[in-house]
Amino acid sequence: MTGGIQDEGTDEEFIQSPFIKKEGNIYKPNNQSMDNDSINEKTLQDVHTKEIDLVNRDPKNLNEDVVKVEFEDVIAEPPGTYSFDGVWKASFTTFTVTKYWCYRLLTALVGIPLALVWGIFFAILSFVHIWAVVPCIKSYLIEIHCVSRVYSICIHTFCDPFFEAMGKCFGSIRMRMTKEV
């Protein structure tokens, strides 16, 4: 069969796509891998598409403590100094709706340009790290290895006998403390 795999239990034919992931793909999240034996799944995964979770948008809890600001965190009335119930409800609604829509408006206006800027920044950062920092560190480690061997030989040749002799000289000294009354 070219372009498909026949399932032994049914008469359905599935077409293999190079974008099928273990848990599905971005377009059809419930697709499962059809034949694990014949095709290596690592070659089928597309590294540029990733399923995103539209419900949990902070899965690694990056902004757990920073931006969780609710009405009760900003405005609170202690017992005995309550405003009218209508004013309290209107204030809550105004705060919540204003925060919600201002955030949405700002992300609509500035979110995509900032995503572009951050994408470029992290691409440059990755480039510099991969093509400059790591090779420089590796080169330094290779070069310093020769120096460390020479240094180690010098230390073992000149310092070890000196410290061994000093240890033997001072190794026989014994101290005893007594208290006189």
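Residues numbered from 1 in each chain as written. Predicted model: local features only at pLDDT ≥ 70, side-chain atom pairs only at ≥ 80, totals over all residues. Heavy atoms only, no water.

Labelled according to an unreviewed UniProt entry, the chain appears under the name Caveolin, originating from Aldrovandia affinis. In its Function (unreviewed entry) section, UniProt records this for the chain: "May act as a scaffolding protein within caveolar membranes. Interacts directly with G-protein alpha subunits and can functionally regulate their activity." Per UniProt, the chain carries the Sequence similarities (unreviewed entry) text "Belongs to the caveolin family." (UniProt positions renumbered as here; feature names shortened; annotations may be inferred.)

Participant: Let's hear about the overall build of the chain: which residues, and what values?
Facilitator: Counting its regular elements, the chain contains 3 helices and 2 strands. Counting from the amino terminus, helix and strand elements in the chain follow one another as β-β-α-α-α. At a minimum sequence separation of 6, the contacts of the chain that also span at least 24 residues come to 32%. Summing over all exposed atoms, the chain offers an accessible surface of approximately 16,800 Å²; the carbon and sulfur share of this is 65%. (Helix = DSSP H or I, 4+ residues; strand = E, 2+ residues; numbered from the N terminus. Contact = heavy atoms within 4.5 Å. Areas by Shrake-Rupley, 256 points an atom, 1.4 Å probe, with all protein chains shown as cover.)

Participant: An account of the packing of aromatic side chains is requested, with residue identities and associated values reported.
Facilitator: A complete count under the given rule lists 9 aromatic pairs for this structure. Seen from their ring centres, F121 and F122 are 5.2 Å apart, and the 75° between their planes marks the pair as edge-to-face. For F122, a relative accessible area of 45% translates into the label partly exposed. Grouped by ring-pair contacts, the aromatic residues F71, W88, F92 and F95 constitute a single cluster. The ring centre of W101 lies 5.8 Å from the NZ or CZ of R104, which sits over that ring. (Phe/Tyr/Trp six-rings, centres within 6.5 Å; stacked < 30°, edge-to-face > 60°. Buried < 20%, exposed > 50% of the residue type's maximum accessible area, 1.4 Å probe, protein only. Lys NZ or Arg CZ within 6 Å of the ring centre and 35° of its normal.)

Participant: Explain the UniProt feature "transmembrane region" (unreviewed entry) in the chain residue by residue, including any values.
Facilitator: With numbering matched to this structure, UniProt assigns "transmembrane region" (unreviewed entry) to residues 105–132. This span, residues 105–132, is 100% helix and 0% strand, and a straight line between its end C-alpha atoms measures 40 Å.

Participant: Hey, could you go over unusual backbone geometry for me, with residue numbers and the actual values?
Facilitator: In this structure, N61 takes a positive phi of about 55° despite not being glycine. Tracing the chain through its elements places N61 in the loop between α1 (41–44) and α2 (71–74). For N61, a relative accessible area of 46% corresponds to the partly exposed category.

Participant: If you had to explain helix α3 (residues 85–170) to someone new, which residues and values would you point to?
Facilitator: Its 86 residues place the ends of α3 only 86 Å apart at the C-alpha level, less than the 128 Å of an ideal helix rising 1.5 Å per residue. V110 marks where α3 bends most, by close to 45°; the proline P113 follows one to four residues later. (Expected span 1.5 Å × (residues − 1). Bend = angle between axes of the 7 residues up to and from the residue.)

Participant: I'd like to hear about the confidence of the model for the chain, residue by residue, with values.
Facilitator: Summarising the model, the chain shows a mean pLDDT of 79, and 73% of its residues fall at 70 or more. Ignoring residues within four places in sequence, the model shows residues 1–39, a span with pLDDT below 50, making 61 contacts including any to other chains. (pLDDT = per-residue confidence, 0-100.)

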